[in-house]
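Residue-level structure breakdown
Spelled out, the chains give:
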Amino acid sequence: MDMPITLIISYAIFSFFLFYQQLHLKNFRGASEVFEASLGIFALIGMLFGLGFLIYWGYKVSWLQAAALFGIAFAIKIVWFPIEAKLGLRNFYWLFSLAGFVALPVSGYFMWSVLP
């Protein structure tokens, strides 16, 4: 299983920031309906892109690699959550979500760049 390290890092970053955007959308209490809609659309597109990427990678390269990529990103998040709690960052999910507006397209580009 020879996955490019660029893919592993970019997919993990993509998955991380997408999680925080989805969490922000779930807990959104802001007054701006336009921002809420924008966040929802961005999170939906990110989710579809991530899922489509895994399916495409599995079809073109290896289903085992696609599953491993998902598993690695999931494991990183599982390790991160206790660290997040220890650092007292639970209420700052919205900062990670806002950073996702930049991080998702950039990491998505790097994911796209390794496609066969």
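Whatever comes next refers back to the structure up there.
Residues numbered from 1 in each chain as written. Predicted model: local features only at pLDDT ≥ 70, side-chain atom pairs only at ≥ 80, totals over all residues. Heavy atoms only, no water.

**Some thoughts on the overall build of the protein chain**
- When its secondary structure is counted, the protein chain shows four helices and zero strands.
- Reading the protein chain from its N terminus to its C terminus gives the helix and strand order α-α-α-α.
- Each principal axis of the C-alpha atoms in the protein chain carries an extent, and together these give about 45 × 35 × 20 Å.
- Classification of the 116 residues of the protein chain by burial places 37% in the buried group.
- Look at the contacts in the protein chain between residues 6 or more apart in sequence, and 78% of them connect residues 24 or more apart.
- One way to put it: in the protein chain the 6 positive side-chain charges average out to a point 8 Å from where the 4 negative ones average out. (Helix = DSSP H or I, 4+ residues; strand = E, 2+ residues; numbered from the N terminus. Buried < 20%, exposed > 50% of the residue type's maximum accessible area, 1.4 Å probe, protein only. Contact = heavy atoms within 4.5 Å. Lys, Arg positive; Asp, Glu negative; His and termini not counted. Charge placed at Lys NZ, Arg CZ, Asp CG, Glu CD.)

**A closer look at the side chain of Ser10**
- Mapped onto the fold, Ser10 is located in helix H1 (residues 5–26).
- Residue Ser10 is classed as buried on the basis of its relative accessible area, which comes to 5%.
- Of the polar contacts made by the side chain of Ser10, one reaches the backbone oxygen of Thr6; its length is 2.7 Å.
- For Ser10, the side chain forms a polar contact with the main-chain oxygen of Leu7, separated by 3.3 Å.
- With near-sequence residues (within four places) excluded, Ser10 lies in contact with Ser107, Phe110 and Met111. (Polar contact = N/O pair within 3.5 Å; in protein donor to acceptor, adjacent residues only side chain to side chain.)

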